[in-house]
Amino acid sequence: MKIVVTGGAGFIASHIVDLYLAQGHEVIVIDNLWEKGGGKRQNLNPAARFYELDIRSPEAAKIILSEKPEVVNLHAAQHSVKISTDLPGLDAEVNVVGMLNLLEASLQAGTRKVIFASSGATYGPPQHLPVTELTPQHPVSPYGITKMVMEHYLRYYQLEKGLDYTIFRYGNIYGPRQDPNGEAGVISIFARRILNGEPVRIDWDGQQEKDYLYVGDVAEANLKALTGGDNEIFCLGSGLGTSVNELYRRLSRIAGNQVPVVRGPKRPGDIYQAYFDCTRAHQLLEWQPRVDLDEGLRRTVAFFAPEVPAQAAFTG
Ligand SMILES: NC(=O)c1ccc[n+]([C@@H]2O[C@H](COP(=O)([O-])OP(=O)(O)OC[C@H]3O[C@@H](n4cnc5c(N)ncnc54)[C@H](O)[C@@H]3O)[C@@H](O)[C@H]2O)c1
């Protein structure tokens, strides 16, 4: 199958690209290596054709028009909640107007289906736990709003123009290649700091629980969506809540290092507890997470470990 993956130099989509290629698909990546995102040239699989382009540009649309992919997988985004609150116009330009540029091109190119990376941020503070596809969405950030808006556009494009979709609402995704310098990605931030012997900061009381899912399991779901889950929305998570304190304890044990903990205040908009019920993905997509938290943390620590001298990593 010929597939365009946007954001394929970034953390999550680079794993999707690797899996698609390993399964024999032809992959074209569109990514502008945005300096504030997690996209890196070294994440790019050399077997994919790469176009360094902004999804808002006419050139990106032209690639879709000329390549005529069967599936377009939409992972490129402005993905920072903080940037979205500081610059809501930029957030909407990339996450809505840029996406519409690609949707229009996909329609013209005869693309059968798009796969879209939505987010648990579309819910805001959940009214009920676990969160399911039917939980009301009340996003509390421009980022959550633009992701939710795109879900509605996809429903519209399907109903009115026949372009099929699968929407994934991701929990907190973690694993190798996640940017440890970003604002999110607590696991990669902690893993690198613990390995480097640097203090970690834990905000609020650290008991706030989120749903952490290993990136390889996300790639599996995106593989299954090539042939299934048409016009469905799926929550993707582990189904378990894990606290920040617990992540710190497990990562310290796995890395074999203890570092000081600096306590900080609650971050604006942070949510105390959120985790998913992923029954729908299990039933309709035959997907379930295969990498448990300890194994995923081990793989993440192993990814970051070569960056630091062995002595610094494993003493203490
Ligand atoms: N990481 C998570 O836990 C998580 C959770 C929910 C949803 N998501 C969504 O998954 C997707 C991938 O996230 P990620 O964590 O891998 O982030 P990432 O920053 O590593 O990847 C995003 C990629 O998009 C590219 N990009 C940004 N703006 C672009 C533009 N205007 N034109 C072309 N490319 C552009 C970046 O260069 C980067 O390579 C995003 O849509 C994000 O909103 C991620």
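Residues numbered from 1 in each chain as written. Predicted model: local features only at pLDDT ≥ 70, side-chain atom pairs only at ≥ 80, totals over all residues.

1. Describing the overall build of the chain
Reasoning step 1: Helix and strand counts for the chain stand at 11 helices and 13 strands.
Reasoning step 2: The C-alpha radius of gyration computed for the chain amounts to 19 Å, which stays within 12% of the reference 20 Å derived for 316 residues, consistent with globular compactness.
Reasoning step 3: A separation threshold of at least 6 residues defines the contact pool for the chain, and within that pool the share at least 24 residues apart is 80%. (Helix = DSSP H or I, 4+ residues; strand = E, 2+ residues; numbered from the N terminus. Rg over C-alpha atoms; globule rule 2.2 N^0.38 Å. Contact = placed C-beta atoms within 7 Å.)

2. Digging into the site of the ligand
Reasoning step 1: Around the ligand there are 29 residues in total, and Gly7, Gly10, Gly38, Gly39 and Ala77 lie nearest to it.
Reasoning step 2: Counting only elements with at least two residues in the shell around the ligand, the list comes to helix H1 (11–22), helix H4 (88–109), strand S5 (113–119) and strand S7 (172–174).
Reasoning step 3: Ranked by residues supplied to the shell around the ligand, first place goes to H1 with three residues.
Reasoning step 4: Within the shell around the ligand, the residues separate by chemical class into 13 nonpolar, 12 polar and four charged. (Near = placed C-beta within 6 Å. Nonpolar A, V, L, I, M, F, W, Y, C, P; charged D, E, K, R; others polar.)

3. With respect to the domain arrangement of the chain
Interfaces are often sized by the accessible area lost when the parts come together.
Reasoning step 1: Domain parsing of the chain yields domain 1 (2–173 + 212–236) and domain 2 (177–211 + 239–277 + 291–314).
Reasoning step 2: Taken over C-alpha atoms, the centre of domain 1 sits 25 Å from the centre of domain 2.
Reasoning step 3: Each partner contributes residues to the interface: domain 1 has 24 residues there, and domain 2 has 20 residues.
Reasoning step 4: Among the secondary structure elements, those contributing two or more residues to the side of domain 1 that touches domain 2 are H1, helix H3 (81–86), strand S10 (212–214) and helix H7 (215–224).
Reasoning step 5: In terms of residue count, S10 provides more of the side of domain 1 that touches domain 2 than any other element does, three residues in total.
Reasoning step 6: Class assignment of the residues belonging to the side of domain 1 that touches domain 2 gives a composition of 12 nonpolar, 10 polar and two charged. (Domains from an automatic or database assignment.)

4. Focus: the nonpolar core
Reasoning step 1: Core analysis: the biggest nonpolar cluster contains 80 residues, and Leu102 and Leu236 have the highest contact counts within it.
Reasoning step 2: When residues are assigned to domains, this core turns out to be shared by domain 1 (2–173 + 212–236) and domain 2 (177–211 + 239–277 + 291–314), each giving three or more.
Reasoning step 3: With residues near it in sequence (within four places) discarded, Leu102 still touches Thr6, Ile55, Ala60, Ala61, Ile64, Val72 and Leu74. (Core = buried A, V, L, I, M, F, W, Y, C linked by C-beta atoms within 7 Å. Buried ≥ 20, exposed ≤ 12 C-beta atoms within 10 Å, placed from the backbone.)

5. Regarding the pairing of strand S6 (residues 164–170)
Reasoning step 1: For S6, the tally of buried residues reaches six of seven residues, placing the bulk of the element in the interior.
Reasoning step 2: In the sheet, S5 pairs with S6 via seven bridges, with the strands oriented parallel. For Phe116, the partnering residue across the bridge sits in S6 and is Ile167.
Reasoning step 3: Between the parallel elements S5 and S6, the chain passes through helix H5 (residues 142–161) in a crossover that is right-handed.
Reasoning step 4: The pairing of S6 with strand S11 (residues 232–236) spans five bridges and is parallel. The residue of S11 that forms the bridge with Thr166 is Glu232. (Pairing = 2+ DSSP bridges. Right-handed = clockwise from strand over helix to strand, strands pointing away.)

6. As for helix H8 (residues 244–255)
Reasoning step 1: Here H8 contains 12 residues, and its C-alpha end-to-end distance of 16 Å stays within 8% of the 16 Å for a straight helix at 1.5 Å per residue.
Reasoning step 2: Residues of H8 that are buried: Val244, Leu247, Tyr248, Leu251 and Ala255. Buried residues of H8, viewed axially, fall in a sector of 100 degrees; they line one side.
Reasoning step 3: Where H8 ends, the next residue or the one after it, Gly256, has phi of about 70 degrees, a positive value. (Expected span 1.5 Å × (residues − 1). Arc of directions from axis to C-beta.)

7. Structural notes on the environment of Asn73
Reasoning step 1: Along the chain, the position of Asn73 falls in strand S4 (residues 71–74).
Reasoning step 2: A sequence separation of 83 residues divides Asn73 from Tyr156, and the C-alpha atoms of the two residues are 18 Å apart.

8. Description of unusual backbone geometry
Reasoning step 1: Following Leu129, the chain continues into Pro130 via a peptide bond in cis, with omega recorded as -5 degrees.
Reasoning step 2: Tracing the sequence through the fold places Pro130 in the loop between S5 and H5.
Reasoning step 3: Its identity is not glycine, yet Arg177 carries a phi of approximately 80 degrees, on the positive side.
Reasoning step 4: Of note, Arg177 is situated in the loop between S7 and helix H6 (186–196).
Reasoning step 5: In this model, Asn231 sits at a positive phi of 60 degrees, which is unusual for a non-glycine residue.
Reasoning step 6: You can see Asn231 is positioned in the loop between H7 and S11.

9. Concerning the environment of Pro265
Reasoning step 1: Tracing the backbone shows Pro265 in the loop between strand S13 (261–264) and helix H9 (279–285).
Reasoning step 2: Classification of Pro265 by C-beta neighbours within 10 Å gives exposed; the count is 8.
Reasoning step 3: Spatially, the C-alpha atom of Pro265 lies 21 Å from that of Ala121, the residues being 144 residues apart in sequence.

10. Topic: the packing of helix H2 (residues 58–67) against H4
Reasoning step 1: Interhelical geometry of H2 versus H4 gives an angle of 20 degrees and a closest axis separation of 8 Å. On the basis of their axis angle, the class for H2 and H4 is roughly parallel. Here H2 runs over H4; the crossing is right-handed. Along its contact with H2, which presents Ala60, Ala61, Ile64 and Leu65, the element H4 presents Asn101, Leu102, Glu104, Ala105, Ser106, Gln108 and Ala109.
Reasoning step 2: Tallied by class, residues from the contact of H2 with H4 come to seven nonpolar, three polar and one charged. (Axes fitted to C-alpha atoms, helices over the stretch in contact; angles between N-to-C directions. Parallel < 35°, antiparallel > 145°, perpendicular 65-115°, else oblique. Left-handed = near helix turned anticlockwise from the far one by under 90°.)

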